[in-house]
Amino acid sequence: MRRDIRLFWWAGTCDALGSQTSGLVLPLLLLSLGRTPAEVGAVAGLGAAATLLLGPLAAVPADRGARKRVMVGAALVSAAAMTGVALAVRSGTASMAVLLGAVLVERAATSCYEAASLGTVALVCPPSEHQRVLARLQAGERGALVLGPALGGLLFQAGRWLPFLADALSYAVAALCIRALRTELSAPRDQLPTDGGPRRTWRTLSAEAGAGVALIRRDPFLRLALVWIAAVNALLVALYYTTVFALEDHGRGAAGLGLVLALAGAAGLVGALLAPRLAGRRSPGSVLVAVSWLLVPPAAALAAARDAWQFGLLFGLLCLLTPLATVALQARVIQVTPPGLQARTGTVLATVSGAAAALAPALAGLAADRAGSGATLVGCAVLLAVLALHVTRAAPAATRGPGEEPA
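Residue numbers run consecutively from 1 along every chain, following the written order of its sequence. In keeping with the predicted nature of the model, local features appear solely for residues at pLDDT of at least 70, side-chain atom pairs appear and are counted solely at 80 or more, and the whole-chain, interface and lining totals rest on all residues. Calculation of side-chain values draws on the structure's entire complement of heavy atoms; hydrogens and water are dropped beforehand.

## Looking at the packing of helix H11 (residues 284-294) against helix H13 (residues 308-336)
Between two packed helices, the angle of one axis relative to the other and the distance separating the axes together describe the packing.
Working step 1: Look at H11 against H13: their axes get within 9 Å of each other, and the N-to-C directions meet at 155 degrees. For the element pair H11 / H13, the angle class is roughly antiparallel. The hand of the H11/H13 crossing is left-handed. In this structure, H11 contributes Pro 284, Val 287, Leu 288, Val 291 and Leu 294 to the contact, and H13 contributes Leu 321, Leu 324, Ala 325, Ala 328, Leu 329 and Arg 332.
Working step 2: Residue polarity follows a fixed list, in which Ala, Val, Leu, Ile, Met, Phe, Trp, Tyr, Cys and Pro are nonpolar, Asp, Glu, Lys and Arg are charged, and the others, Gly among them, are polar. Class assignment for the residues of the contact of H11 with H13 results in ten nonpolar, no polar and one charged. Fitted lines through C-alpha atoms serve as axes, helices being fitted only where they are in contact, and the angles separating the N-to-C directions of these axes extend from 0 to 180 degrees. Counting from the N terminus, the helices are the DSSP runs of H or I reaching at least four residues and the strands are the DSSP runs of E reaching at least two. Reported orientations rely on four angle classes, namely roughly parallel under 35 degrees, roughly antiparallel over 145, roughly perpendicular from 65 to 115, and oblique for the rest. Should the near helix be turned counterclockwise from the far one by less than a right angle, the crossing is left-handed, whereas a clockwise turn marks it as right-handed. The contact criterion used is simple: two residues touch if any of their non-hydrogen atoms lie within 4.5 Å.

Structure representation (structure tokens):
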């Protein structure tokens with residue numbers, strides 16, 4: 001078990017580190033090739049759309065027992081796409097069509113990998129280890145978020161093709177780690193969905209793809225988790241972009257933003273490492289309520305911040321708190337989701353959260369243009385308070401187990 005957990009951690013961390021390494025420099029590469037900011041934004045938007053659309057489709061074969069094959073195949077496809085980008089940049093033949101095609105292939109394959117990976121924790125470790133393993137996985141992703149951009153910048157200075165080669169190597173390492181897992185990455189046969197016979201209709205296929213949505217609609221805790229994860233992710237992204245606008249208004253520039261990102265990344269890493277100890281002995285409902293209310297004061301205080309270190313400390317406090325709730329939520333989601341629906345249910349949560357986060361920058365920019373960055377920060381804090389009120393009312397009933405009386 002521990003060997004497989006380590007391999008799964010290395011796969012996820014290497015994947016995240018490679019993606020952060022190349023993700024930072026891709027816009028710089030496009031701009032250096034004479035592309036406009038609008039074209040750079042279009043490439044990013046198309047990549048995000050591919051990620052959101054294909055994940056739910058890949059979750060179906062993963063839940064039907066092909067989890068390992070989907071993950072290994074998707075990682076190899078991503079490795080091939082990034083190798084193509086590295087070779088094209090190295091040879092000087094990196095046209096816009098080549099880069100766009102490779103990025104879309106890589107994003108589509110990555111979405112399939114991420115969808116199939118959901119539910120793996122429930123298969124490689126017992127329920128008593130879920131929170132600890134989830135916290136370590138999140139710590140690896142947070143660490144990659146801190147180290148990846150710095151590594152990408154250094155490699156980009158040495159050679160513009162090197163960050164993409166590093167990303168390709170990270171995907172190859174992830175494929176090897178998943179291939180080496182000894183655990184059978186599929187639910188027991190009696191818990192797998194039926195195949196619907198040799199002639200499966202479109203209605204059957206759509207019902208399979210929408211099984212995660214149906215489960216979330218029926219389960220009050222999953223509905224609460226969906227609302228909380230989507231709302232908090234969107235508001236954190238909005239707070240981040242509004243912080244960028246505020247730093248620009250106060251003349252702090254790129255150096256101030258770098259300080260904010262460094263403090264936020266370090267705080268998120270610490271929060272992920274502390275999550276099992278601080279949240280493991282409490283019910284998911286109590287953790288969710290406490291964290292929801294604790295997020296409100298630092299979000300409101302951002303409106304009064306002026307220096308970069310003030311923004312960094314307050315945003316870091318937000319990033320320190322959120323892993324406590326997300327680890328508790330993810331562990332509970334695994335427990336209440338049937339084994340044959342892990343990937344599809346997790347993909348619905350991730351897709352809705354990703355869509356909300358994708359809309360947040362545009363809404364934050366519109367609000368900052370109309371009302372100013374300070375008012376936008378206050379508005380985000382008010383929305384966090386509304387979310388905390390909703391969680392306080394809904395959490396006791398949603399997190400109560402079968403047959404339990406309210407506390």
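## As for the pattern of salt bridges
Working step 1: A carboxyl oxygen of Asp or Glu within 4 Å of a side-chain nitrogen of Lys or Arg is what we treat as a salt bridge. As enumerated under the stated definition, the model contains five salt bridges in all.
Working step 2: A salt bridge links Asp 63 to Arg 67, with the nearest nitrogen and oxygen atoms 3.3 Å apart. Taken together, the positions of Asp 63 and Arg 67, both in helix H2 (residues 37-91) and four residues apart, correspond to about one turn of that helix. Like Arg 67, Asp 63 is buried.
Working step 3: Across the pair Arg 107 and Glu 106 runs a salt bridge, and its minimum N-O distance is 3.1 Å. Classification of residues uses two cut-offs on accessible area relative to the type maximum, computed with a 1.4 Å probe and protein chains only: under 20% is buried, over 50% is exposed, and between them is partly exposed.

## Side note on a nonpolar patch on the surface
Working step 1: A surface patch of nonpolar side chains, amounting to about 300 Å² of accessible area, comprises Leu 53, Leu 54 and Leu 57.
Working step 2: With respect to the element layout, Leu 54 can be found in helix H2.
Working step 3: Accessibility expressed as a relative area gives 30% for Leu 54, which makes it partly exposed. Like-charged residues within 9 Å of one another, or nonpolar side chains (Val, Leu, Ile, Met, Phe, Trp, Tyr) within 5 Å, are grouped into patches, provided each residue has over 30% relative accessible area and no salt bridge. To measure how exposed things are, a 1.4 Å probe is used in the Shrake-Rupley method; for residues, cover is taken only from the protein chains shown.

## A few points about the environment of Ala 135
Working step 1: Its location among the elements puts Ala 135 in helix H5 (residues 130-158).
Working step 2: For Ala 135, a relative accessible area of 3% gives the class buried.
Working step 3: Measuring from C-alpha to C-alpha, the distance between Ala 135 and Arg 277 comes to 10.0 Å, with 142 residues separating the pair along the chain.
Working step 4: Excluding residues within four positions of it along the chain, Ala 135 makes contact with Ala 272, Ala 275, Pro 276 and Val 327.

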